[in-house]
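Given next are the chains, with one letter for each unit.
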Amino acid sequence: TAQDASLKKVFAKDFGIGTAMSAGQIEEKDPKANALIQKHFNMATPENIMKAEIIHPQWDVYNFDLADKMVAYGKKNKIKINGHTLIWHSQLPAFARNIKSVDSFRTFFTNHINTVASRYDGKIFSWDVVNEALNEDGTMRKSIFLNRLGDDFVTEAFRLAAKASPKAELYYNDYNNEQPAKRAGCITLIKKIQDAGVRIDGVGIQGHWHVGKVPFKEIEESIVQYGAMGLKVMFTELDIEVLPRSFQGADVNQRVASNPALNPYKDGLPDSVQQQLASDYETLFKLFLKYKDKVTRVTFWGVNDGQSWLNDWPVRGRTNYPLLFDREFNPKPAFYKVIGTK
Ligand code: XIL
């Protein structure tokens, strides 16, 4: 029956089905979530624990404990692990953010990629080598990497990663890189890597979209254009949120308690929104299936609504509904629509 359907089995011949995993899930401290992970997913990305601030907190200190546990969990449960992420301007450790000299920064950059990527060569399936290097207009984002190393840092990161981990697939990952201007910048960036003779296997489109506004046309154009470059196309952090992202004056620290309007669906999602969400997911999966020769993986950014980062971003403490499973770990109407595309 549809209720018993397993996502990874339903799409087994089409593409991998992934989820982000929290530290608690990696340590198998979340039985309901772990049961769903084992039933539905054959790919997983650590939500935070391979980011530099956690895995490499100081110059010569690496914290491999949770990453090693994730690798073991993947092996035990036949789940392929996507490493996330080697080079990203965000969630960098303080010591790295404070490096002033170009030479020292280059040493950090090289050591970080070599140490982390080589440790997991042959043990993890793939890496998001560089995350979010682009602006919305397709130019390079201002970051400590661009500032210290110049715009070749992306190609350099792939060169180092390919050497340190010849067995892992290597990807560039970003959000909104399905949008025309940013996509054009992304294509230019990837062409540069390819023209340098450096290996890049795929491109990740994060897929943090908004209900009723999923950019289907741009997504389809992107699959076609990236696919034509010989790249695998992945949807790497899929969620479709139902709450507005920005408000006058509101930021991550604004208190929902003192402004209930920030959290309109705390007692439940109106049926019309629930149906729209289900229909958006259905249309998306029909599109993924149409291009199953190019789309190799679809990863959700979290197991269920209660655990989504979107409850705490861009404002903390809200009640969001972006995933296929609800707060009780039950499949939502969107789940049945997704299953029904096959
Ligand atoms: C988010 C995590 O989900 C949160 O737990 C963390 O506090 C911040 O980062 N793009 C990415 C992901 O590539 O790493 C981000 O994950 C979400 C946006």
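Every chain is numbered independently, its residues counted from 1 as its sequence is written. In keeping with the model being predicted, local features are shown solely for residues with a pLDDT of at least 70 and side-chain atom pairs are shown and tallied solely at 80 or more, while totals for entire chains, interfaces and linings include all residues.

1. Section: the overall build of the chain
Keep this limit in mind: Secondary structure elements are taken from DSSP: a helix is a run of H or I of four residues or more, a strand is a run of E of two residues or more, and numbering for both begins at the N terminus. Here the C-beta atoms are placed from the backbone, and a residue counts as buried if at least 20 other C-beta atoms lie within 10 Å of its own, exposed if 12 or fewer do, and partly exposed otherwise. Contact between two residues is assigned when their C-beta atoms, built from the backbone, lie within 7 Å.
Counting its regular elements, the chain contains 13 helices and 9 strands. The C-alpha extent of the chain, read off along each of the three principal axes, is 55 × 50 × 40 Å. Taking all 342 residues of the chain together, 44% fall into the buried category. Of the contacts made within the chain by residues no fewer than 6 positions apart, 77% connect residues no fewer than 24 positions apart.

2. Describing the site of the ligand
Where we set the bar: Placing the C-beta atom from the backbone, one calls a residue near a molecule or strand if that atom lies within 6 Å of it. Three residue categories are used. Nonpolar comprises Ala, Val, Leu, Ile, Met, Phe, Trp, Tyr, Cys and Pro, charged comprises Asp, Glu, Lys and Arg, and polar comprises the others, including Gly.
In the vicinity of the ligand, the contacting residues are Glu 47, Asn 48, Asn 131, Gln 206, Glu 237 and Trp 309. Residue classes in the shell around the ligand are distributed as 1 nonpolar, 3 polar and 2 charged.

3. Re unusual backbone geometry
The peptide bond linking His 84 to Thr 85 adopts the cis configuration, its omega dihedral lying at 0 degrees. If you trace the backbone, Thr 85 turns up in strand S3 (residues 80-87). Residue Trp 313 is joined to Pro 314 through a cis peptide bond whose omega torsion reads 5 degrees. Secondary-structure assignment places Pro 314 in the loop between strand S9 (295-300) and helix H13 (333-340).

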